[in-house]
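Topology and contacts: notes
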Amino acid sequence: MNKKLTIINIALALVAVLLVYLVFDSIRQPVAFENTRSEREVKVVQNLKDIRSSQTLFKQTYNRYTADFDSLIEYIKTGELPVVNIVPDPEDTTFTKTINDTVGYVKVSDSLFRNRANFNVNDLRYIPYSNNEEFEMQAGFIVRGGLRVAVFEAKAPYKSYLNDDDKKFRQRVNNLRAEQEDLGKYAGLKVGSMDEPSLNGNWE
């Protein structure tokens, strides 16, 4: 009888240990997923911000955005921006007019990334944590208020930067993607819009 009780007690103890593990794991997995997601999204967002900054200067030069990373990267490497000195017009007695005097030029790469250690402009096109997948980038024009307005958009889907071999991790990514799509939102990170003249990121 005592032997049977001992076996039952051992079995109950094992069941209790298993239940404790399952409860712990059910708490740990969502926390671990969110930590990994946050860590990866920091780098993806930084790339999207860099793309936005580069596109903004590209538009200042060409009055349009570009959908081509080769063109954007070449512009960053070789493009120059005028350094303009604005002074009051000495012949203006109303003190409202100014004279724009170009005093030199600065490289686009220096303007944007001079203080970024180990920055490699050639990596701008690639989504961090993906298998060298490129950001989805579009550019064009829309009409707003009777005006033709330049727009661009760059996107990184969840499936690209939240890829993982773990089945439970992948299921959480699928759940996250389904939630966003049910809300009519983009399932990932993006900056800009092809429908509105906006340079906002969906993380902001």
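Reference entry: report on the structure contained in this document.

Conventions and cut-offs
Residues numbered from 1 in each chain as written. Predicted model: local features only at pLDDT ≥ 70, side-chain atom pairs only at ≥ 80, totals over all residues. Heavy atoms only, no water. Helix = DSSP H or I, 4+ residues; strand = E, 2+ residues; numbered from the N terminus. Buried < 20%, exposed > 50% of the residue type's maximum accessible area, 1.4 Å probe, protein only. Contact = heavy atoms within 4.5 Å. Areas by Shrake-Rupley, 256 points an atom, 1.4 Å probe, with all protein chains shown as cover. Expected span 1.5 Å × (residues − 1). Arc of directions from axis to C-beta. Phe/Tyr/Trp six-rings, centres within 6.5 Å; stacked < 30°, edge-to-face > 60°. Lys NZ or Arg CZ within 6 Å of the ring centre and 35° of its normal.

A few words on the overall build of the protein chain. In terms of helices and strands, the protein chain carries 5 helices and 5 strands. A burial count over the protein chain gives 30% of its 204 residues as buried. Across the protein chain, every contact between residues at least 6 apart in sequence was considered, and the portion connecting residues at least 24 apart equals 60%. Here the protein chain has roughly 13,500 Å² of accessible surface; of this, 51% comes from carbon and sulfur atoms.

A few words now on unusual backbone geometry. Phi angles above zero are rare outside glycine, and Asn-63 is one such case at about 60°. Of note, Tyr-129 is a non-glycine position whose phi angle comes to about 70°, a positive value. Within the secondary structure, Tyr-129 sits in the loop between α3 (108-113) and β3 (136-144). Among the residues examined, Tyr-129 registers a relative accessible area of 31% and is labelled partly exposed.

What follows is about helix α5 (residues 167-182). Taking 1.5 Å of rise per residue, 16 residues should cover 22 Å, and α5 covers 22 Å from first to last C-alpha, within 8% of that figure. Every buried residue of α5 is accounted for by Phe-169, Val-173, Leu-176 and Gln-180. Viewed end-on, α5 has its buried residues packed into an arc of 60°, placing them on one side of the element. For α5, the exposed residues lying more than 90 degrees away from the buried face are Lys-167 and Asp-182. One or two positions beyond α5, positive phi appears at Gly-184, with a value near 75°.

This brings us to helix α2 (residues 69-78). Buried within α2 are the following residues: Phe-69, Leu-72, Ile-73, Tyr-75 and Ile-76. Taken down its axis, α2 places every buried residue within 155° of arc, on the same side.

Here we take up the packing of aromatic side chains. A ring pair, where both rings are aromatic, is described by two values, the distance of the centres and the angle of the planes. Applying the stated criterion across every chain, the model contains 7 aromatic pairs. Aromatic pair Tyr-65 and Phe-152: ring centres 5.1 Å apart, planes at 50°, arrangement tilted. Linking Tyr-65 in the loop between α1 (2-62) and α2 with Phe-152 in strand β4 (residues 147-157), this pair joins segments that are 87 residues apart in sequence. The residues Tyr-65 and Phe-152 share a single accessibility class, namely buried. Ring geometry for Phe-113 against Phe-119: centres 4.0 Å apart, planes inclined by 20°, an arrangement best described as stacked. Taking relative accessible area as the criterion, Phe-113 reaches 7% and is therefore assigned buried. The exposure class of Phe-119 is partly exposed, given its relative accessible area of 26%. By the ring-pair criterion, three or more aromatic residues cluster together here, those being Phe-58, Tyr-62 and Tyr-75. The ring of Phe-141 carries Arg-148 above its face, with NZ or CZ at 3.7 Å from the centroid.

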